[in-house]
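Read off the chains here:
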Amino acid sequence: MSKMIRGTSVSTGLAMGAVHVVTTGVDAVPVFTVAPSMLQAEVDRLGEAVDLAMAELDRRHKVVATQAGSKEAEIFIVQKLVLQDPGALKEVEAKILVERVNAESAVKALIDRLTETLNGLGEAGSRGFAADVAEPWKRVLDALLNRNRETILSGREPIIIAAAELTPRVVAYLSRELVLAVVTEIGGRFSHGAVLARAMGIPCVVGVPDLLARLEKGMTVIVDGDRGKLLLTPTDEDKAEFQKRLELHDQRAALLAGFAHGVAETKDGFKLLVKANIEGLRDLDTFEIGTTDGVGLFRTEFLYMERDQFPSEEEQFRIYRQVLERMGDKPVTMRTLDIGADKTLPYFKTPKEPNPALGWRGLRISLGWRDLLRVQLRALLRASVAGNLRVLLPMVTSLEEIREVHKEFDVLRKDLIAQGYEVADNVPVGAMIEVPSSFLTLKHLIKEVDFISVGTNDLVQYLLAVDRDNPWVSKLFESYHPGVLVALEYIARISREAGKPCGVCGDMAGDPATAIMLMGFGFDSISAAAHFAPEIKYAVRSVTMNDARELAKVLADQAIVANVRKGLEEFAERFDLRGDALRV
Ligand code: PEP
Ligand code: MG
């Protein structure tokens, strides 16, 4: 008998496969008592995990040394030395033997002690040191818990990942080839985990109650990302129905793919630029460059999140240069580091904040830790000659912040030229509009930036006072709130009056009818996951600019969300934006 459970869809699509549970975060470490006769086996298990961690550090050392140079790879030698320290190993072994606890909890106790002691020293330098000393032991913990990414994914059939929460760390497990779908107990539709799952085109359902308790290892499940459902142990009949739906899905994708290379031009000749959001260089392998009008948002923080330490100027420069080269003369918008809230760096310990979404994040961190900003801007400026670069600033709240960045930019440019580097003559600098104060002061701000890009994920969060990562309020997170539409209409109008390019790079731009509404407001570009491009182009080609303006006008005047949604739905039907007519 199959069993159906409901959750919330955050990324569409269908998948069937064996489920694998991922436990993430050091907090999820099990603690149990070990029988006296098993204590030596537990110590041996610890030894094996240390060996695995050493091998992993060796592997990383080699990879980084070849990709970024031997200096960047030195950290892994230090981390190996840490693991070879007999004192720490003895401490963990003694805990297992004396307290009769499992190896995982003994290692966790060591990590906690190291982090606490070194953080307690207070100096920023020792905070970094704490990360270096604790990090190799986290690898040992990973090995013990068998949750190392390679272990989970290597040599297996593609799997469905189940986890308690859709954190960026769970997302680190995602790979299009090996992960068919993701299901979690909690997670908001606009958490970064969800944004990434959508960007990767991986079906994802969150908010499935008691999910982990209902699963058995290896159990076959069907994930219905279109309807936010999960089917456990499907029957043959369920499987046959799944296959039928999958075929229809694929057929539609194949038909729309025919529009991927064309331009998004309305029947009366207006063009909407359709750009791609990326998180790193490897994303460029997942779509054809010719199907986009450029990169509208490169979330560079993922470069920092996937490493064990801050990427050096050289390392960043090489990556930025490659992205620019591969995009040719198409514009590439690289956003400066946007960490904070749920996007944290394991090696950069920030204080626990009571209200992180309103705390130390985005541009505030870059301006607070100037060296971070300077290293990144230098890398960007050096790479600028390789293509068509634009730099975008996240979480802008005031004009003063933009002026600060401009000052840094000018000094760095002069320094670089004096040092003999080539720098492009013109690197446009833009602001993300995602905080109410930035749109309310847009008429001033717009004069001192070259372009703007609206981050609706955060704009909605801050306009509606609804935390995008908090599952308790995720139902209140509403991109089609009439207040949001009023803000969008205003932002597009002010930007156009100032003659500055304006786009939307938040997730709502990925919906075809919404993209047309945005075009109707006056936005000249949208940026979304690349796989949305064919349907958006198809939709734009199905309407006139007048239709788009009419839609935008009607929707901006609605008093309640339901009417906005109804208006979009009716418009999509009327103009066949989903391409139903293509099928006959
Ligand atoms: C946004 O806030 O809409 C955005 C594009 O940025 P991020 O999702 O990375 O915060
Ligand atoms: Mg944002």
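Every value quoted in this text rests on a predicted model; they were computed, and no experiment measured them.

Student: Outline the overall build of the protein chain, listing residues and values.
Tutor: Along the protein chain, the regular secondary structure elements total 24 helices and 16 strands. Its C-alpha atoms give the protein chain principal-axis dimensions of about 80 × 70 × 40 Å. Within the protein chain, buried positions represent 54% of all 584 residues. Working note: accessible area of the protein chain is about 25500 Å², and carbon and sulfur atoms make up 54% of it. Side chains of the protein chain give 72 positive and 83 negative charges; the mean places of these two sets differ by 2 Å.

Student: Give me the lowdown on the pairing of strand 14 (residues 451-454), citing residues and values where you can.
Tutor: Working note: regular strand, side chains alternate between the two faces of the sheet. Judged by which residues are buried, strand 14 turns out to be covered on both faces: F451 and S453 on one side and I452 and V454 on the other are all buried. Inspection of the sheet shows strand 13 (residues 429-433) paired to strand 14 by four bridges, in the parallel sense. The residue of strand 14 that forms the bridge with M432 is S453. Inspection of the sheet shows strand 14 paired to strand 15 (residues 502-504) by three bridges, in the parallel sense. Residue V454 lies in a different strand from strand 15, and its bridge partner there is V504.

Student: Describe helix 15 (residues 399-418), with residues and values.
Tutor: Helical geometry note: an α-helix holds 3.6 residues per turn, so side chains three or four residues apart project in the same direction. Across its 20 residues, helix 15 extends 29 Å between first and last C-alpha, which sits within 8% of the 28 Å expected from 1.5 Å per residue. Of all the positions in helix 15, only L399, E401, I402, V405, E408, F409, L412, R413 and L416 are classed as buried. Its buried side turned inward, helix 15 meets helix 13 (363-368), helix 14 (370-383), strand 12 (388-393), strand 13 and helix 17 (442-445). Just beyond helix 15, the residue with positive phi is G420, at close to 90 degrees.

Student: Any chance you could break down the pattern of salt bridges for me, citing the residues and the numbers?
Tutor: When the charged atoms of two side chains lie near each other, side chains of opposite charge can form a pair. Per the counting criterion, the structure on display carries 37 salt bridges. The partner of D338 in a salt bridge is R335, with the nearest N and O atoms 3.3 Å apart. A single burial state applies to D338 and to R335, both of which are buried. One network of salt bridges, with partners in common, ties together E301, R335, D338, K343, R361, D458 and R468.

Student: Describe in detail the coordination of the magnesium ion (ligand 2), supporting the description with residues and values.
Tutor: Octahedral metal centres with six donors ideally show angles of 90 or 180 degrees, and tetrahedral centres with four donors ideally show 109.5 degrees. Protein coordination at the magnesium ion (ligand 2): the donors are E434 (OE) and D458 (OD), at 2.0 to 2.3 Å from the metal. Of this pair, E434 sits in the loop between strand 13 and helix 16 (436-440) while D458 is found in helix 18 (residues 456-464), placing the two residues 24 residues apart along the sequence. The pair E434 / D458 is uniform in exposure class, with both members buried.

Student: I'd like a rundown of the sheet that holds strand 7 (residues 220-224), residues and numbers included.
Tutor: Ordered in space as 1-8-7-3-4-5-6-2, the eight strands form an open sheet in which the pairing is mixed. Every other strand in the sheet has two partners, leaving strand 1 (3-6) and strand 2 (8-11) as the edge strands with one partner each. Going across the sheet, the axis of each strand differs from the next one's by a mean of 30 degrees, ignoring polarity. Pairing of strand 3 (residues 14-22) with strand 4 (residues 159-165), which is carried by five bridges, proceeds in the parallel orientation. Each bridged residue has a counterpart across the sheet, and for H20 the counterpart in strand 4 is I161. Against the sheet, helix 10 (residues 236-257) touches strand 3, strand 7 and strand 8 (229-232), its axis set at about 115 degrees to strand 3.

Student: Outline the domain arrangement of the protein chain, supporting the account with residue identities and numerical values.
Tutor: What the domain assignment reports for the protein chain is domain 1 (3-27 + 156-253), domain 2 (36-154) and domain 3 (266-583). At the interface, 14 residues of domain 2 touch nine residues of domain 3. Taken over both partners, the interface formed by domain 2 and domain 3 buries close to 980 Å², and the fraction arising from carbon and sulfur atoms is 45%. Summed over the shared surface of domain 2 and domain 3, the number is zero salt bridges. Between the two partners, domain 2 and domain 3, sit zero residue pairs in polar contact (both at pLDDT 80 or more). Elements that contribute at least two residues to the side of domain 2 that touches domain 3 include exactly helix 1 (39-68), helix 2 (70-84) and helix 5 (124-145). Looking at the side of domain 2 that touches domain 3, its residues break down into five nonpolar, three polar and six charged.

Student: Give me empty space enclosed by the protein: which residues, what numbers.
Tutor: The gaps left among the atoms become clear once a water-sized probe is rolled over them. Within this structure, the stated rule accounts for two cavities of 30 Å³ or more. Each pocket or cavity is described by its volume, and for the largest cavity that value is around 100 Å³. Contributing to the lining of the largest cavity are 13 residues, with N277, D507, A528, A529 and F532 lying nearest its centre. For the lining of the largest cavity, the secondary-structure elements that each account for two or more residues are helix 8 (192-199) and strand 16 (525-528). Looking at the lining of the largest cavity element by element, the count peaks at three residues for helix 8. Taken together, the residues of the lining of the largest cavity sort by class into six nonpolar, four polar and three charged. Two domains each provide a minimum of three residues to the lining of the largest cavity, namely domain 1 (3-27 + 156-253) and domain 3 (266-583). Considering only enclosed or pocket space, the second largest cavity measures out at about 80 Å³ in volume. In this structure, the second largest cavity is lined by 14 residues; those nearest its centre are R299, R335, E434, N457 and R468. Per-class residue counts for the lining of the second largest cavity are three nonpolar, four polar and seven charged.

Student: Kindly report on the packing of helix 20 (residues 512-521) against helix 21 (residues 533-541), identifying the contributing residues and their values.
Tutor: The geometry of helix 20 relative to helix 21 is characterised by a closest axis approach of 9 Å and an angle of 55 degrees between their N-to-C directions. Judged on the interaxial angle alone, helix 21 and helix 20 are oblique. When you trace helix 20 past helix 21, the crossing you get is right-handed. Within the contact between the two elements, helix 20 uses P512, A515, I516 and M519 and helix 21 uses E535, I536, A539 and V540.

Student: With reference to specific residues and values, describe the sheet that holds strand 12.
Tutor: In spatial order, the strands read 9-10-11-12-13-14-15-16; together these eight strands close into a barrel with parallel pairing. If you compare each strand with its neighbour and ignore which way they point, the axes differ by 25 degrees on average. As paired elements, strand 11 (residues 331-335) and strand 12 share five bridges and run parallel to each other. In the sheet register, P331 faces strand 12, and the bridge partner there is N388.

Student: Hey, could you go over the site of ligand 1 for me, with residue numbers and the actual values?
Tutor: Among the 15 residues in the neighbourhood of ligand 1, the closest are listed as R299, R335, G455, N457 and R468. More than half of the atoms of ligand 1 fall within 2 Å of the grid points belonging to the second largest cavity. For the shell around ligand 1, the elements supplying multiple residues, two or more each, are strand 10 (295-299) and helix 18. Broken down by element, the residue count for the shell around ligand 1 peaks at three residues, all from helix 18.

Reading the values: the criteria
Residues numbered from 1 in each chain as written. Chains lettered and ligands numbered in written order. Predicted model: local features only at pLDDT ≥ 70, side-chain atom pairs only at ≥ 80, totals over all residues. Heavy atoms only, no water. Helix = DSSP H or I, 4+ residues; strand = E, 2+ residues; numbered from the N terminus. Buried < 20%, exposed > 50% of the residue type's maximum accessible area, 1.4 Å probe, protein only. Areas by Shrake-Rupley, 256 points an atom, 1.4 Å probe, with all protein chains shown as cover. Lys, Arg positive; Asp, Glu negative; His and termini not counted. Charge placed at Lys NZ, Arg CZ, Asp CG, Glu CD. Pairing = 2+ DSSP bridges. Expected span 1.5 Å × (residues − 1). Contact = heavy atoms within 4.5 Å. Salt bridge = Lys/Arg side-chain N within 4 Å of Asp/Glu carboxyl O. Donors = N, O, S within 2.8 Å, 3.2 Å for Na, K, Ca; no water. Axes fitted to C-alpha atoms, helices over the stretch in contact; angles between N-to-C directions. Domains from an automatic or database assignment. Buried area = accessible area lost by both parts, 1.4 Å probe. Polar contact = N/O pair within 3.5 Å; in protein donor to acceptor, adjacent residues only side chain to side chain. Nonpolar A, V, L, I, M, F, W, Y, C, P; charged D, E, K, R; others polar. 1 Å grid on protein atoms, 1.4 Å probe; cavity = no way out; pocket = protein on both sides within 12 Å on 5 of 7 lines; lining within 4 Å. Points joined across faces, edges and corners; volume = space filled by probe spheres on them. Parallel < 35°, antiparallel > 145°, perpendicular 65-115°, else oblique. Left-handed = near helix turned anticlockwise from the far one by under 90°. Near = heavy atom within 4 Å. Sits in = over half its atoms within 2 Å of the grid points.

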